[in-house]
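The residues making up each chain are set out below.
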Amino acid sequence: MQDAVILKKRLISTFLLVMLFIFSSTALASPSEWLDDKYNFRAAKKIYVHYQMAEEYQTGWNNREAYQIFNEKLLAKLEESLASKGYTISGTPSADYDLHAENEAEASGDFDLIVKVDIQKYLMGTSYVEPYTSYVPVTKTTTINGPRGPMVIKTTEDEPVYHAGGDFPTAYVIVEIDVYDAKTNKPVWNRVDDRTKMTKVSPYTEPKDMFSRMMILFNRDLQKKLTS
């Protein structure tokens, strides 16, 4: 009976440690999506992919870094995979391209589909975590003198482990992707990807890591809709 109680405590302690680790090192994602099920994506052959970032986050290297990821993980991949299949892929030519000129290019380009990637948040900050205590099972050995000589007794005890709180590096990225029918200007697909990830030890997750995963995922899903 005592062994069963010890085992139960050990399992509970291990579970709590795993959950705390997951909470502190895994991105919290809350993507939402709307799709026009009646829209025929396969009919779209000329596609324009538009990049933009909220002005408040266009500081330092942010805008150029994010555009490079957009270009490499989405725009270039679409062109690489679809050009040989009869698709024409165009997109924002640089991070600093004039928005007015791009809107004119979209309107006059005779496209079938417009994809707008709007980075609404791209930030490396911090988030506070309260200190907490976890418990780790530890086996202890005790020697006692019995009627027939020394006896070794092993017991298992839960030993507390203190985890300091504080501010830890946290990446924040919010991206909204709108897909429009270029002929009717009607929306056919909307995706909002909102991710936050805190890491307590190096290497720290940065906004570029999460944005890259977002673009890889969207590229996969868009190509699937266009070709299947």
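Parameters at a glance
- Residues numbered from 1 in each chain as written.
- Predicted model: local features only at pLDDT ≥ 70, side-chain atom pairs only at ≥ 80, totals over all residues.
- Heavy atoms only, no water.
- Helix = DSSP H or I, 4+ residues; strand = E, 2+ residues; numbered from the N terminus.
- Phe/Tyr/Trp six-rings, centres within 6.5 Å; stacked < 30°, edge-to-face > 60°.
- Buried < 20%, exposed > 50% of the residue type's maximum accessible area, 1.4 Å probe, protein only.
- Lys NZ or Arg CZ within 6 Å of the ring centre and 35° of its normal.
- Polar contact = N/O pair within 3.5 Å; in protein donor to acceptor, adjacent residues only side chain to side chain.
- Contact = heavy atoms within 4.5 Å.
- Pairing = 2+ DSSP bridges.
- Axes fitted to C-alpha atoms, helices over the stretch in contact; angles between N-to-C directions.
- Parallel < 35°, antiparallel > 145°, perpendicular 65-115°, else oblique.
- Left-handed = near helix turned anticlockwise from the far one by under 90°.
- Nonpolar A, V, L, I, M, F, W, Y, C, P; charged D, E, K, R; others polar.

Participant: For this particular structure, what's the right way to read unusual backbone geometry?
Facilitator: Of note, the bond from S202 into P203 is cis; its omega dihedral lies within 30 degrees of zero at 5 degrees. Although it is not a glycine, N185 adopts a positive phi angle of roughly 60 degrees. Inspection of the secondary structure puts N185 in the loop between β8 (166–181) and β9 (186–198).

Participant: Where do I start with the packing of aromatic side chains in this structure?
Facilitator: The relation between two aromatic rings is expressed through the spacing of the ring centres and the mutual angle of the planes. According to the stated counting rule, one finds eight aromatic pairs in the structure shown. Pairing Y67 with F70 gives two aromatic rings, centres 5.7 Å apart and planes at 40 degrees, and the pair type is tilted. On the criterion of helical spacing, the pair formed by Y67 and F70 is a turn pair, its members being three residues apart in helix α2 (residues 62–82). As far as burial versus exposure is concerned, Y67 and F70 are alike and both buried. Taken together, the ring pairs connect Y39, F41, W189 and F218 into an aromatic cluster. For the cation-ring pair, K121 lies above Y172, with the distance from its terminal atom to the ring centre recorded as 4.9 Å. Over the ring of W189 we find K225; its NZ or CZ atom is 4.3 Å from the centre of that ring.

Participant: Sorry, what's going on with the side chain of T92 here?
Facilitator: Within the element layout of this structure, T92 appears in the loop between β4 (88–91) and α3 (99–108). At a separation of 2.7 Å, a polar atom in the side chain of T92 contacts the main-chain amide nitrogen of Y51. Setting aside anything within four residues of it in sequence, one finds T92 in contact with Y48, V49, H50, Y51, Y67, F70, L75, Y97 and E102.

Participant: Can you walk me through the pairing of β8 in this structure?
Facilitator: Of all 16 residues that make up β8, twelve are buried, and the element is covered over most of its length. As defined by bridge partners, strand β5 (residues 113–129) adjoins β8 across 16 bridges and the pair is classed as antiparallel. Note that in β8 the partner of Y122 across the bridge is V173. The antiparallel hairpin formed by β8 and β9 contains four residues in its connecting segment, where N185 sits at a positive phi of about 60 degrees.

Participant: Is there a simple way to explain the packing of α2 against helix α4 (residues 207–227) in this structure?
Facilitator: Closest axis-to-axis distance for the α2/α4 pair is 9 Å, and the angle between their directions is 20 degrees. When the interaxial angle is binned, α2 and α4 end up roughly parallel. For the pair α2 and α4, the sense of crossing is right-handed. On the side of α2, the interface is formed by E65, A66, I69, F70, K73, L74, K77, L78, S81 and L82, while α4 contributes K208, F211, S212, M215, I216, F218, N219, L222, Q223, L226 and T227. Of the residues assigned to the contact of α2 with α4, the class counts are twelve nonpolar, five polar and four charged.

By themselves these figures say nothing about function.
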